[in-house]
Amino acid sequence: NAGVTQTPKFRVLKTGQSMTLLCAQDMNHEYMYWYRQDPGMGLRLIHYSVGEGTTAKGEVPDGYNVSRLKKQNFLLGLESAAPSQTSVYFCASKHPGQSSYEQYFGPGTRLTVT
Amino acid sequence: QQPVQSPQAVILREGEDAVINCSSSKALYSVHWYRQKHGEAPVFLMILLKGGEQKGHDKISASFNEKKQQSSLYLTASQLSYSGTYFCGTESRGSSASKIIFGSGTRLSIRP
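Quick caveat: nothing in here was measured; it's all calculated off a predicted structure. (Residues numbered from 1 in each chain as written. Chains lettered and ligands numbered in written order. Predicted model: local features only at pLDDT ≥ 70, side-chain atom pairs only at ≥ 80, totals over all residues. Heavy atoms only, no water.)

Colleague: Can you walk me through the pairing of strand β8 (residues 70-75) of chain B in this structure?
Modeller: Regular strands place their side chains on alternate faces of the sheet. Residues and elements named next belong to chain B. As paired elements, strand β3 (residues 18-23) and β8 share six bridges and run antiparallel to each other. Paired with Asn 21 across the bridge in β8 is Ser 72. Direction of pairing for strand β7 (residues 60-65) relative to β8: antiparallel, over a ladder of six bridges. Residue pairing across strands places Ala 62 opposite Leu 73, the latter belonging to β8. What sits between the antiparallel neighbours β7 and β8 is a turn of four residues, in which Gln 69 has the positive phi angle 55°. (Pairing = 2+ DSSP bridges. Helix = DSSP H or I, 4+ residues; strand = E, 2+ residues; numbered from the N terminus.)

Here you go:
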């Protein structure tokens, strides 16, 4: 099992450009999450999904959109990138069951917006 | 709202003990602890559910005081491999779908 994978690993964008980050998991997890990590801020939840076709906002959803068309994939989109979106983005997945299971994290995507 | 972790950073010599605290303003259902090495993804350590339980993993243990909405992580006889940033994540009662909110982290450095 590959676990949770993220594509791409690194990306540099210019302000105003758009891009999509792909998260894939092969553990048949229902729940998937997108976090961003900035120095001194910890992990902040952007959006999450409780199953195929469903998404919900987290702590810092502005400027991002997500889609969960397939159970194994969770896409994070930036329609018009801004320098404030420079960050490391982590995807995670989790088995359903209130509080009983750990989150499995992907390796991260380092995004720089110039 | 993010849980508050303290201290923000701690430096230990190998073999010393450390305590990392995590507190929330919300009623909690569970607390999760993760460790992250520089440049890597966070790795799960343990989950504590409501009920004031205490868990242990090797020389790392944790407690959860549901009434005080606090959790503490105890690292005993620290090893070089314990270095990294520790995050607590909290699930609040009434929040939907296992939404876990993480604190800003505690950076732990171990010196030989």
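Once you've had a look at it, read on.
Colleague: Explain the environment of Ala 24 of chain A to me, please; I cannot follow it from the model alone.
Modeller: Residues and elements named next belong to chain A. With respect to the secondary-structure elements, Ala 24 resides in strand β3 (residues 19-25). Once the C-alpha coordinates of Ala 24 and Asn 1 are considered, the two residues, 23 residues apart in sequence, prove to be 12 Å apart. With residues near it in sequence (within four places) discarded, Ala 24 still touches Gly 3, Val 4, Thr 5, Gln 72 and Asn 73. (Contact = heavy atoms within 4.5 Å.)

Colleague: Is there a simple way to think about the pattern of salt bridges in this case?
Modeller: Opposite charge on two side chains permits pairing when their charged atoms draw close. Residue and element names in this part refer to chain A. Tallied over the entire structure, the rule returns three salt bridges over all chains. Taking the shortest distance from any N to any O, the salt bridge between Lys 71 and Glu 30 comes out at 3.0 Å. Of this pair, Lys 71 sits in the loop between β7 (65-67) and β8 (73-78) while Glu 30 sits in the loop between β3 and β4 (31-38), and the two are 41 residues apart along the sequence. A salt bridge links Asp 38 to Arg 44, with the nearest nitrogen and oxygen atoms 2.8 Å apart. By relative accessible area, which is 12% here, Asp 38 ends up buried. Among the ionic contacts, a cluster of salt bridges with common partners joins Arg 36, Asp 38 and Arg 44. (Salt bridge = Lys/Arg side-chain N within 4 Å of Asp/Glu carboxyl O. Buried < 20%, exposed > 50% of the residue type's maximum accessible area, 1.4 Å probe, protein only.)

Colleague: Please explain the nonpolar core as it appears in this structure.
Modeller: Counting 21 residues, the largest nonpolar core has Trp 33, Met 46, Leu 73, Leu 75, Tyr 82, Tyr 86 and Leu 108 of chain B as the members making the most contacts within it. The set of elements that each furnish at least two residues to this core consists of β2 (9-13), β3, β4 (28-36), β5 (43-49), β7, β8, β9 (84-92) and β11 (106-111) of chain B. Setting aside its immediate chain neighbours within four residues, Tyr 86 of chain B contacts Gln 5, Ile 20, Tyr 34, Arg 35, Leu 45, Leu 73, Leu 75, Gly 105, Thr 106 and Leu 108 of chain B. Residues Leu 13, Trp 34, Ile 46 and Tyr 64 of chain A belong to the second largest nonpolar core, which totals 18 residues. (Core = buried A, V, L, I, M, F, W, Y, C linked by side-chain atoms within 4.5 Å.)

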